[in-house]
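# Tertiary structure, described
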Amino acid sequence: MFFMGFDGTEVTPQIRSLIEDHHLGSILLTTKNLKSAAQTASLVQELQTIARNAGHPVPLMIALDQENGGVNSLFDEDYICQFPSAMGVAATGSPELAYEVANATGKELFAVGINMIMGPVLDVLTNARYQPLGVRATGDDPQEVSQYGIAAMNGYKNAGITTCGKHFPSYGNLDFLGSSLDMPIITETLEQLSLGALVPFRNAIGAGLDAMMVGGCAIANAAMNVMHACLSNQVVDDLLRNDLNFNGVTISECLEMDALSHDIGVRGGTVMAVEAGCDLVLLCRSFAVQQEAISGLKLGIENGMISRERINISLRRILELKSKCTNWEQALNPSGIDQLALLHPAHLALSTKAYDKSITIMRDKGHLLPLSNTLYPEEDLLLLTPLVKPLPASAATKAVADDQGVMTEQEKAHRSSIMSGEGVFRELGRALARQRHGKLLHTSYTANGVRPQHENLINQAAAIIVVTADANRNLYQSGFTKHVAMMCSMLSAGGKRKSLIVVSVSSPYDFAMDKAIGTYVCTFDFTETAMSALVRALFGEFVPQGTLPGTLRKSRKVQKSRQHWLVESWHKDRDQKPLLALIKTIEKASPPNQFCPVSGATAASFELPVQEAHYVVRNSSTQALFGFCSTYFYGGIGMIGALFVDPAKRNLSIGHSLHTRAVRGLLQKPGIQKLQLGLGLPGVYLGIPMSDLSEGARLKRWFANNGWDILTPRLLYTLTIRNIPNWQPPEGLLSSIQRVSFAFDLIHGRENSETVLEHVRSHAGPEVLELYRLALDDPKNCGIVRAKSPVDGALVGTVITCRQETTLATYLPVLHAAGDSVGGILAPVVPNSPQATIVLQGLALLGIRQNKTYRANTCVLNWVHGDERDTLLGMGFDVLDAFEELSCKPERFSESALA
């Protein structure tokens, strides 16, 4: 009838006495009992051995809190994995992942001999902003809480662990009166509870929940006036048993809670709990209090307040529960470290996957993320973090935490995976500094607000990250963040760019509705694992896909619901004039002093003598084009060459509709081996435009959300020299080229071209090969500069040179858009070798000289690889435009992903 805990990491005389003399059958372990996985398995095995030797007919039920996120009783970085909180898992949008995480947690607990978990949390955050339960709960939507709660419950059960839902009837909308002696109150009516808070409990009971913890809160409404829910037969027998048809084991809240023990007393509280219908009475820690409870139960039986039949009903429920999860063979022989070692690699990968999927970018108005695209290496990044402590796991562990006394450093190290705020945020700072090669400013903030030190650092930094943890409950954090946001806004208005990123590391409701915070990221806990995922997300190592759970997710889904536009195939006669008008509209909408890739393009720019299919979204009444997408199929590679939408029609899913149709069309090509975004012929978009880093980051996120792998892009550049007549080669360049004895020459036309085409075929893509063929077919306006090895005469590099009048300018509109008199140096193909740099310089030098013979004023060097850029900048070129070409396997795009 009792569920008890004890102090210490070894078996104490007190717990031994409870097992041997009082036949205690259920034990709750907490952080004070657990140092490591091996020690836990040994402790559990010893407890079970004591019970067996004392004549217990069945093994002990041994439970602990292991909710993940910030609430873990057992931590061992070598064997026990850290997973996101309940709300963090829900943010992934995957009940399947909730099952996997719970199953992994259950398997780890089972391996050390634990046979019950105090979970899942089934509370609905009806008043989410101000509830201390926070991210321990799934969210504020009853059906979603049910879905994820049942998924977690099944994960635990299939790992061999029995489950205990909590905290009935709900800790999700409590009113607090202030003092720890005041009992939090539920003020909702039974009808309101039935439609909201009770839904997950009802659904979990129907799905086979094993046990239920009844909370210690008060209930005050027209139909019920209860001081302590777990001591009331209206709550336990009437509401839980009769109305919700629960036949499992009921467990009371810990009777050592201040409000309970001071209000009623442990002895009287024990009798009330059993009378109310509780099968197990929880007493977490004090041996004296536990003895008082035992004597209270005996007294209640002796004076007839509690019948023996009532005791037997509870015993039958407890024995039935134990039969599901344990037997002596299993209890005395936990699989232990060997099993954990086998599980750990897969669980570690699952942990990384879960945290990566949970990170949520709720807003990024200024397109500040990832920082790797918007923060220059020489600029300062400032991290501002609060001094916070993690929330206690429950009233049970709060009782433990309040009585910790002095701990040794070793005991502190083994307490849990959570460090107090200063420690975990110091490690966050180190991780950010590693990403930036040490260039990070980091300081903390307190209730003292913005100090002169903060103001100086904000003035110095280009980007500021403010971390908050439950700012709605720690109001100084809210005030500090708003003050910093105001400073950044004022400084930016004055010409000093200040990028502000607010990161909530606990409750996502801190600034969920505050649109003044333009970039808002949520992690749902501040374990080291979560902070590691945050750093990788901030710097673009993956694209965060998390969404805020519950009603916020639903409202955003409504806002972002995709319209499906009618996509039609390109019709030249019908669409070429509207396409030119669309291109002109995009040019006009481009920021001043920024090159627009479609400048100079016409309908003919996208029409090539290869397999191609283009698509439009159009207004059939006015003939206007709202969007255009061009696709090509070269030698097994499906390519998207352009995708653009009328600026007035963006954010209406036109781009998504075009993209889906384009990818589907390419996937139907026989023999397709790869998909590519961006290409050199036509050379309108070599990839995602990245001249504007914030806009480029937004576009990358868009394409990532539509299925593309953005982690391994190929950087491509268009470079220019504005005043060729006055250009002179850098000092020493000519002598360096002459010293290596490479032979350079210029050819026109198809004669002697086979070695050129073979060289390009071997070292570049099929679209570049086609570009070279077109250049060879225009000998009047194009030439090929060749670089030959001094050893065997083999080609070691090629590049195209051309006049502005070349037919290639149709497909490379930059040759018209870059100026009135432009010469081109196109598609250098230089394989990697020790001499690659000098070969590239030699090709560029001859290309510039050839452009001079064309009497060009401006030279454009197109399709330059990222590793070649700096070499050419050293010769006097400037960057005109930058792109990131993406590619991936066709298998990445499933029908479901395109739906």
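Parameters at a glance
- Residues numbered from 1 in each chain as written.
- Predicted model: local features only at pLDDT ≥ 70, side-chain atom pairs only at ≥ 80, totals over all residues.
- Heavy atoms only, no water.
- Helix = DSSP H or I, 4+ residues; strand = E, 2+ residues; numbered from the N terminus.
- Buried < 20%, exposed > 50% of the residue type's maximum accessible area, 1.4 Å probe, protein only.
- Contact = heavy atoms within 4.5 Å.
- Areas by Shrake-Rupley, 256 points an atom, 1.4 Å probe, with all protein chains shown as cover.
- Phe/Tyr/Trp six-rings, centres within 6.5 Å; stacked < 30°, edge-to-face > 60°.
- Lys NZ or Arg CZ within 6 Å of the ring centre and 35° of its normal.
- Pairing = 2+ DSSP bridges.
- Axes fitted to C-alpha atoms, helices over the stretch in contact; angles between N-to-C directions.
- Salt bridge = Lys/Arg side-chain N within 4 Å of Asp/Glu carboxyl O.
- Right-handed = clockwise from strand over helix to strand, strands pointing away.
- Parallel < 35°, antiparallel > 145°, perpendicular 65-115°, else oblique.
- Left-handed = near helix turned anticlockwise from the far one by under 90°.
- Nonpolar A, V, L, I, M, F, W, Y, C, P; charged D, E, K, R; others polar.
- Expected span 1.5 Å × (residues − 1).
- Polar contact = N/O pair within 3.5 Å; in protein donor to acceptor, adjacent residues only side chain to side chain.
- Core = buried A, V, L, I, M, F, W, Y, C linked by side-chain atoms within 4.5 Å.
- pLDDT = per-residue confidence, 0-100.

### Remarks on the overall build of the protein chain
Assigned secondary structure in the protein chain consists of 33 helices and 32 strands. Considered along the principal axes of its C-alpha atoms, the protein chain spans approximately 115 × 65 × 60 Å. Across the 899 residues in the protein chain, those meeting the buried criterion constitute 59%. Sequence separation of 24 or more characterises 77% of the internal contacts of the protein chain that already satisfy a separation of 6 or more. Of the roughly 35,700 Å² of accessible surface on the protein chain, a fraction of 50% belongs to carbon and sulfur atoms.

### A word on the packing of aromatic side chains
Considering all chains together, one arrives at 13 aromatic pairs under this definition. Linked through ring pairs, Trp570, Phe606, Phe628, Phe644 and Tyr685 together constitute an aromatic cluster. Directly above the aromatic system of Phe626 lies the positively charged group of Lys649, at a separation of 4.7 Å from the ring centroid.

### Notes on the sheet that holds strand β14 (residues 360–364)
Here 6 strands make up an open sheet; going across it, the order is β14-β19-β18-β17-β15-β16 and the pairing mixed. The open sheet terminates on both sides in strands that have one partner only, identified here as β14 and β16 (441–445). When strand polarity is set aside, the average angle formed by the axes of neighbouring strands in this sheet is 20°. By the bridge criterion, 4 bridges tie β14 to strand β19 (residues 519–522) in an arrangement that is antiparallel. Its bridge partner lying in β19, Arg363 is registered against Tyr520.

### Remarks on the pattern of salt bridges
Counted by the stated rule, this structure contains 32 salt bridges. Lys584 is the partner of Glu587 in a salt bridge, and the nearest nitrogen-oxygen pair spans 3.7 Å. Of the two residues, Glu587 and Lys584 both sit in helix α23 (residues 572–589), 3 residues apart, roughly one turn of that helix. Overall, Glu587 belongs to the partly exposed group, its relative accessible area being 25%. On the accessibility criterion, Lys584 (43% relative accessible area) is partly exposed. Measuring nitrogen to oxygen at the nearest pair gives 3.0 Å for the salt bridge that ties Asp777 to Arg750.

### Quick notes on helix α7 (residues 198–206)
Three or four residues apart is the spacing at which side chains of an α-helix point the same way, because the helix has 3.6 residues per turn. Taken together, the buried positions of α7 are Leu198, Val199, Pro200, Phe201, Ala204 and Ile205. Gly208, located one to two residues past α7, shows a positive phi value of around 105°.

### Regarding the environment of Val799
Residue position: Val799 is located in strand β29 (residues 795–802). Considered as a pair, Val799 and Gly847 are 48 residues apart in the sequence and their alpha carbons are 7.8 Å apart. If we ignore the near neighbours within four places in the chain, the residues touching Val799 are Tyr772, Gly783, Ile784, Val785, Ile825, Leu826, Ala827, Pro828 and Leu843.

### As for the pairing of strand β17 (residues 463–468)
When you tally the buried positions in β17, you get 6 out of 6 residues, the bulk of the element. The alternating pattern of β17 places Ala463, Ile465 and Val467 and Ile464, Val466 and Thr468 on opposite faces, both of which are buried. Relative to strand β18 (residues 499–504), β17 runs parallel, the two sharing 6 bridges. Considered in β18, the bridge of Val466 is made with Val502. In terms of handedness, the path from β17 via helix α20 (residues 475–493) over to β18 forms a crossover that is right-handed.

### Structural notes on the packing of helix α14 (residues 336–358) against helix α21 (residues 528–538)
Running from N to C, α14 and α21 cross one another at 60°; their axes reach a closest spacing of 9 Å. The orientation of α14 with respect to α21, classified from their angle, is oblique. Handedness of the crossing formed by α14 with α21: right-handed. Contact residues: α14 offers Ser351, Thr352, Tyr355 and Asp356, while α21 offers Thr529, Ala530, Ala533 and Arg536. For the contact of α14 with α21, the residue count by class is 3 nonpolar, 3 polar and 2 charged.

### With respect to unusual backbone geometry
A cis geometry characterises the amide bond from Gly119 onward to Pro120, with omega recorded as 10°. Tracing the backbone through its elements, the reader meets Pro120 in the loop between β6 (116–117) and α5 (142–157). At Trp863, a position not held by glycine, the phi torsion is positive, near 65°. Looking at the element boundaries, Trp863 is found in strand β31 (residues 858–865).

### Quick notes on the packing of helix α10 (residues 266–276) against helix α11 (residues 287–302)
With their axes 8 Å apart at the nearest point, α10 and α11 run at an angle of 55° to one another. Compared by their axis directions, α10 and α11 come out oblique. α11 is crossed by α10, and the crossing has right-handed handedness. Between α10 and α11, the contacting residues are Val266, Arg267, Thr270, Val271 and Val274 on the first element and Val289, Glu292, Ala293, Ser295, Gly296, Leu297, Leu299 and Gly300 on the second. A per-class count over the contact of α10 with α11 returns 7 nonpolar, 4 polar and 2 charged.

### With respect to the sheet that holds strand β11 (residues 225–226)
In spatial order, the strands read β8-β10-β11; together these 3 strands make up an open sheet with mixed pairing. Strands with a single pairing partner mark the edges of an open sheet, and in this sheet they are β8 (185–186) and β11. When strand β10 (residues 218–220) meets β11, the two strands line up antiparallel, connected through 2 bridges. Paired with Ile219 across the bridge in β11 is Val226.

### Description of the side chain of Thr40
Tracing the backbone through its elements, the reader meets Thr40 in helix α2 (residues 37–53). What Thr40 contacts, discounting residues up to four positions off in sequence, is Leu34, Leu74 and Val112.

### Focus on helix α31 (residues 836–853)
Taking 1.5 Å as the rise per residue, α31 with 18 residues should run 26 Å; its terminal C-alpha atoms sit 26 Å apart, in good agreement. Burial within α31 is extensive, with 13 of its 18 residues counted as buried. Among the residues trailing α31, Arg855 stands out with phi positive, at a value near 60°.

### Focus on the side chain of Gln82
Its location among the elements puts Gln82 in the loop between β5 (71–72) and α3 (86–91). At a separation of 2.8 Å, a polar atom in the side chain of Gln82 contacts the main-chain carbonyl oxygen of Gly69.

### Overview of the nonpolar core
Ranked by internal contacts, the top residues of the largest apolar core, which has 118 residues, are Leu29, Leu47, Phe168, Ile464 and Val484. For this core, the leading source of residues is α2, giving 7 residues. Filtering out sequence-adjacent residues up to four positions away, Leu47 remains in contact with Phe6, Val11, Ile15, Ile19, Ile27, Leu29, Leu60 and Ile62. Within the second largest apolar cluster, 59 residues are counted, among which are Val610, Leu679, Val684 and Cys802.

### Here's the deal with the confidence of the model for the protein chain
When pLDDT is averaged across the protein chain, the result is 90; 93% of the residues are at 70 or more. Across residues 390–420 the pLDDT falls below 50, and counting only partners more than four positions away or on other chains, this stretch makes 54 contacts in the model. The low-confidence segment residues 557–561 (pLDDT under 50) makes 1 contact with residues lying over four places distant or belonging to another chain.

### A look at the pairing of strand β15 (residues 381–386)
A large share of β15 lies buried, amounting to 6 of its 6 residues. Burial along β15 is two-sided: Leu381, Leu383 and Thr385 and Leu382, Leu384 and Pro386, pointing in opposite directions, are all buried. Looking at chain direction, β15 and β17 are connected through 4 bridges and run parallel. Across the sheet, Leu381 pairs through a bridge with Ala463, a residue of β17. Note that β15 and β16 share 5 bridges and pair parallel. By the bridge assignment, Leu383 is partnered in β16 with His442.

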